[in-house]
Amino acid sequence: MQIALYSRCLGANSTFVAMDKYPEEFKNITSMIALQPSPPRAFVKTAMDKAKIPNGYEMFDEALKKKTGYVLDDFRPMENSKADSIPTMVAQVKADFSMPFHYVEEIYNNISAKDKKLFWIEGTDQRFQGYNYFGQNPKVMLEWFATHFK
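Definitions and cut-offs
- Residues numbered from 1 in each chain as written.
- Predicted model: local features only at pLDDT ≥ 70, side-chain atom pairs only at ≥ 80, totals over all residues.
- Heavy atoms only, no water.
- Helix = DSSP H or I, 4+ residues; strand = E, 2+ residues; numbered from the N terminus.
- Rg over C-alpha atoms; globule rule 2.2 N^0.38 Å.
- Buried < 20%, exposed > 50% of the residue type's maximum accessible area, 1.4 Å probe, protein only.
- Polar contact = N/O pair within 3.5 Å; in protein donor to acceptor, adjacent residues only side chain to side chain.
- Contact = heavy atoms within 4.5 Å.
- Axes fitted to C-alpha atoms, helices over the stretch in contact; angles between N-to-C directions.
- Parallel < 35°, antiparallel > 145°, perpendicular 65-115°, else oblique.
- Left-handed = near helix turned anticlockwise from the far one by under 90°.
- Nonpolar A, V, L, I, M, F, W, Y, C, P; charged D, E, K, R; others polar.
- Core = buried A, V, L, I, M, F, W, Y, C linked by side-chain atoms within 4.5 Å.
- Phe/Tyr/Trp six-rings, centres within 6.5 Å; stacked < 30°, edge-to-face > 60°.

A. Broad picture of the overall build of the chain. When helices and strands are tallied, the chain shows seven helices and four strands. Going residue by residue from the N terminus, the α and β elements of the chain occur as β-α-β-α-α-α-β-α-β-α-α. In summary, the chain has a C-alpha radius of gyration of 16 Å against a globular reference of 15 Å for 150 residues, a match within 12%. With the C-alpha coordinates aligned to their principal axes, the bounding extent of the chain is approximately 55 × 35 × 20 Å.

B. Spatial organisation of unusual backbone geometry. For Cys 9, which is not glycine, the phi dihedral falls at a positive 55°. Along the chain, Cys 9 turns up in the loop between strand S1 (3-8) and helix H1 (10-21). Owing to a relative accessible area of 17%, Cys 9 belongs among the buried residues under this scheme. Phi at Lys 52 is positive, roughly 55°, even though this residue is not glycine. On the secondary structure map, Lys 52 appears in the loop between helix H2 (40-51) and helix H3 (56-68).

C. Geometry of the side chain of Thr 15. Take Thr 15: it is sitting in helix H1. Residue Thr 15 is classed as buried on the basis of its relative accessible area, which comes to 10%. Polar contacts involving the side chain of Thr 15 include one to the side chain of Ser 7, which spans 2.8 Å. With residues near it in sequence (within four places) discarded, Thr 15 still touches Leu 5, Ser 7, Phe 26 and Met 32.

D. Layout of the packing of H2 against H3. In the contact formed by H2 and H3, the axes pass within 8 Å of each other and the chain directions differ by 135°. With respect to H3, the element H2 is oriented oblique. Regarding H2 and H3, the two cross each other, and that crossing is right-handed. Of H3, the residues touching H2 (which contributes Arg 41, Val 44, Lys 45 and Met 48) are Gly 56, Tyr 57 and Phe 60. Of the residues that constitute the contact of H2 with H3, the class distribution is four nonpolar, one polar and two charged.

E. Spatial organisation of the nonpolar core. Grouped together as the largest cluster of nonpolar side chains are 18 residues, with contacts concentrated most on Phe 16, Met 19, Met 32, Ala 34 and Val 90. When neighbours within four sequence positions are excluded, Met 32 is seen to be in contact with Leu 5, Ser 7, Thr 15, Phe 16, Met 19, Asp 84, Ile 86, Pro 87, Thr 88, Met 89, Trp 144 and Phe 145. The next biggest cluster of nonpolar side chains, apart from the first, holds 15 residues, and it includes Ala 91, Phe 119, Trp 144 and Phe 145.

F. Region of interest: the packing of aromatic side chains. As enumerated under the stated definition, the model contains eight aromatic pairs in all. Relative to Phe 134, the ring of Tyr 6 lies with its centre 6.3 Å away and its plane at 70°, an arrangement referred to as edge-to-face. With Tyr 6 in strand S1 and Phe 134 in helix H6 (residues 127-136), this pair connects stretches of sequence that are 128 residues apart. Exposure remark for Phe 134: the relative accessible area of 2% places this residue in the buried category. Here the aromatic rings of Phe 145 and Phe 149 are separated by 6.5 Å at their centres, their planes lie at 20°, and the arrangement is stacked. Phe 145 gets classed as buried once you look at its relative accessible area, which sits at 11%. On the accessibility criterion, Phe 149 (36% relative accessible area) is partly exposed. Pairwise contacts between aromatic rings join Tyr 6, Phe 119, Tyr 133 and Phe 134 into one cluster.

Following this line, the structure appears as structure tokens:
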């Protein structure tokens, strides 16, 4: 059986963490699409800046720490993506209103796979449209996976 991964949003983040912690579990994976990996820091910072909440990021981070014991910087898909050595396409709404695209570029740049692709979804600033993109436009996804199935 040939296995490829289609990891979306926080699922992509979780896949990068798993690759970092358990690389042996990915030795039989042919390829992956990481659709809109999402650093939590980026979402919160963007939301607080747009809402013009003074010290909003810091207040959110402190509330998260009180509730969970974690801070936003404990969730770093940029760092975990370094462990990704399988062929990976990262796809993202480039004009995403909820997060500047440079965060996803950093994730992509850190992926250690030699065979990787960054695919920008254009024509919208709506993140949700990115989740629907491959359902409405499957050609890019199908070609990526077909290239990596033996």
